[in-house]
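Residues per chain, in single letters:
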Amino acid sequence: MAGNAIDQTRRMLSLVTYLRERPGARVADVARAFGITEDELIGDLDVLPMCGTSFRGGDLLDIDTDGDRIWWHNPDASGTSTGEPLRLAADEATALLVAARAVATLPGLRESDRQALVRATAKIETAAGDTAAASSRLSVTFESEGGVFADVDRAIAERRRVWLRYYSPARDELTEREVDPIRLFAVGHTYVEAWCRLSEARRTFRLDRVAEIRLLDERSDPPPVEPRDLSEGLVQPAAEDPEVVVEVGPGGRWVAEYYPHDSAEELPDGGLRITLRTPDPASLRRLALRLGRDGRIVTPPELAESARDAAREALAAYGE
């Protein structure tokens, strides 16, 4: 299992050298050598073709797999066989310098990594000449998610527990909890998978919903768990699960972002007609109460009626 984003980057750099020396290597053998699953290896192989000495034709790594063996069709693209120094165009040097300076300011970045980045940036500035001066007039500011990512990544690397204030849109509330982070991953959004000490269970937290984060001195000690297969998405309803149709107004469009669904059709008022599946349709009554006037359950009829009954009971209790 990949420990974190930095571990993945280091692994992929090693993977380039490993594959160069082993043309036609078997997927199973490579995954075993790197201590990862075959699915994780395939994920790395999907990224490598976007890497190279530049984004110009022929410079990107041409690596693919038939599911059994891995083939590298242009090993000279990495430049190691020719011994030629890497030459950056002005736009490439500018982009690299701006990105390096921005990353160096991330909160939570390990000091050793920050110092290494500063030294590398200085060398690029010397080589870039006038281009470096132009790049100094540009800057990048990361949104809050970048800081959360850096803190979680650091917590994983240093095996430290984390305190979170986390927003749940389904309940419209902030909760506070301590978690032992396990890994970072991206499925549409960026998430941290962690062992939650509040619920004593594995939970997944979306980084842009973390309102506040603190690294604690306590050692992170999550119980051993099998990595979840995310190849089909974060949540994977079964085809045999009952179908539920929900209509939401503009204020309820977040439902399509939060709940996995089969379809989301635009409505004339700016809302959505969302079709989803769930093994427990009754659990969506809480969603209906949360939505209030911003949404309603359309089908199945018995669930729609149950949600209306629950709403009437809630209003009656409020009026007492």
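The structure displayed is predicted, hence computed values, not measured ones.

Conventions adopted
Residues numbered from 1 in each chain as written. Predicted model: local features only at pLDDT ≥ 70, side-chain atom pairs only at ≥ 80, totals over all residues. Heavy atoms only, no water. Helix = DSSP H or I, 4+ residues; strand = E, 2+ residues; numbered from the N terminus. Contact = heavy atoms within 4.5 Å. Phe/Tyr/Trp six-rings, centres within 6.5 Å; stacked < 30°, edge-to-face > 60°. Buried < 20%, exposed > 50% of the residue type's maximum accessible area, 1.4 Å probe, protein only. Lys NZ or Arg CZ within 6 Å of the ring centre and 35° of its normal. Salt bridge = Lys/Arg side-chain N within 4 Å of Asp/Glu carboxyl O. Polar contact = N/O pair within 3.5 Å; in protein donor to acceptor, adjacent residues only side chain to side chain. Arc of directions from axis to C-beta. Pairing = 2+ DSSP bridges. Axes fitted to C-alpha atoms, helices over the stretch in contact; angles between N-to-C directions. Parallel < 35°, antiparallel > 145°, perpendicular 65-115°, else oblique. Nonpolar A, V, L, I, M, F, W, Y, C, P; charged D, E, K, R; others polar. Expected span 1.5 Å × (residues − 1).

(A) The arrangement of the side chain of Glu247 in detail. Following the sequence through the fold, Glu247 ends up in strand β8 (residues 243–248). Leaving out residues up to four positions away in the same chain, Glu247 has contacts with Leu267, Leu272, Arg273, Asp294, Gly295, Arg296 and Val298.

(B) Representation of the packing of aromatic side chains. Under the definition given, this model contains one aromatic pair. Between Tyr166 and Phe205, the ring centres sit 5.0 Å apart and the planes meet at 80 degrees, which makes this aromatic pair edge-to-face. Of the two residues, Tyr166 sits in strand β3 (residues 160–168) while Phe205 sits in strand β6 (residues 201–206), which places them 39 residues apart along the sequence. On the basis of relative accessible area, Tyr166 is assigned to the buried category, the value being 10%. In this structure Phe205 comes out as buried when scored by relative accessible area, which is 3%. The residue whose ring lies beneath Arg22 is Tyr18, and the NZ or CZ to ring-centre distance is 3.8 Å. Looking at Arg214, its charged tip hangs above the ring of Trp163, at a distance of 4.0 Å from the centre.

(C) Quick look at the pattern of salt bridges. Scanning the model with the defined rule gives 21 salt bridges in all. We note a salt bridge from Glu158 to Arg160, for which the minimum N-O separation is 3.0 Å. With a relative accessible area of 33%, Glu158 lands in the partly exposed category. Three or more residues are tied together by salt bridges with common partners; here these are Arg161, Glu178, Asp180, Arg197 and Glu200.

(D) Molecular detail of the side chain of Arg183. Along the polypeptide, Arg183 turns up in strand β4 (residues 173–187). A polar atom in the side chain of Arg183 sits 2.7 Å from the side chain of Glu193.

(E) Local environment of helix α2 (residues 27–34). Among the residues making up α2, those that are buried are Val27, Val30 and Ala31. When α2 is viewed along its axis, its buried side chains cluster within an angular range of 100 degrees and face the same direction. In α2, the exposed positions angled more than 90 degrees off the buried face are occupied by Arg32 and Ala33. Phi for Gly35, located one or two positions after α2, is positive at around 70 degrees.

(F) Broad picture of the sheet that holds strand β11 (residues 295–299). A sheet is described by the order of its strands in space; here four strands give the open sequence β9-β10-β8-β11, paired in antiparallel fashion. Taken across any chain shown, the strands that pair with only one partner, and hence form the sheet edges, are β9 (263–266) and β11. Within this sheet the neighbouring strands show an average axis-to-axis angle of 20 degrees, counted without direction. With four bridges joining them, β9 and strand β10 (residues 272–277) adopt antiparallel strand pairing. Within β10, the position partnered with Glu265 by the bridge is Arg273.

(G) Highlighting the pairing of β6. As paired strands, strand β5 (residues 189–196) and β6 are joined by six bridges and run antiparallel to one another. In the strand pairing of β6, Ala194 is matched with Arg203. Connecting β5 to the next strand, β6, in antiparallel fashion are four residues, including Glu200 with a positive phi near 50 degrees.

(H) Highlighting the packing of α2 against helix α3 (residues 38–47). Axis separation between α2 and α3 bottoms out at 9 Å; the angle between their running directions is 100 degrees. With respect to α3, the element α2 is oriented roughly perpendicular. Across from Val27, Ala28, Val30 and Ala31 in α2, the residues of α3 making contact are Glu38, Leu41 and Ile42. Grouping the constituent residues of the contact of α2 with α3 by class yields six nonpolar, no polar and one charged.

(I) Region of the structure containing the environment of Ala99. Here Ala99 is to be found in helix α4 (residues 90–104). For Ala99, a relative accessible area of 37% gives the class partly exposed. Ala99 sits 22 residues away from Thr121 along the chain, and the two C-alpha atoms are 9.8 Å apart.

(J) Spatial organisation of helix α5 (residues 111–128). Here α5 is 18 residues long and its end C-alpha atoms lie 25 Å apart, about the 26 Å a rise of 1.5 Å per residue gives. All buried positions along α5 are accounted for by Arg114, Thr121 and Ala128. Axial view of α5: buried residues confined to an arc of 55 degrees, hence all on one face. Opposite its buried face, α5 presents the exposed residues Ser112, Arg119, Lys123, Thr126 and Ala127, each directed more than 90 degrees away. Gly129, located one to two residues past α5, shows a positive phi value of around 65 degrees.

(K) Main features of the pairing of β3. Burial analysis of β3 places seven of its nine residues in the buried class, the great majority of the element. For β3 and strand β7 (residues 210–219), the ladder comprises six bridges, and the chain directions are antiparallel. Bridge pairing in β7 places Tyr166 opposite Val210.

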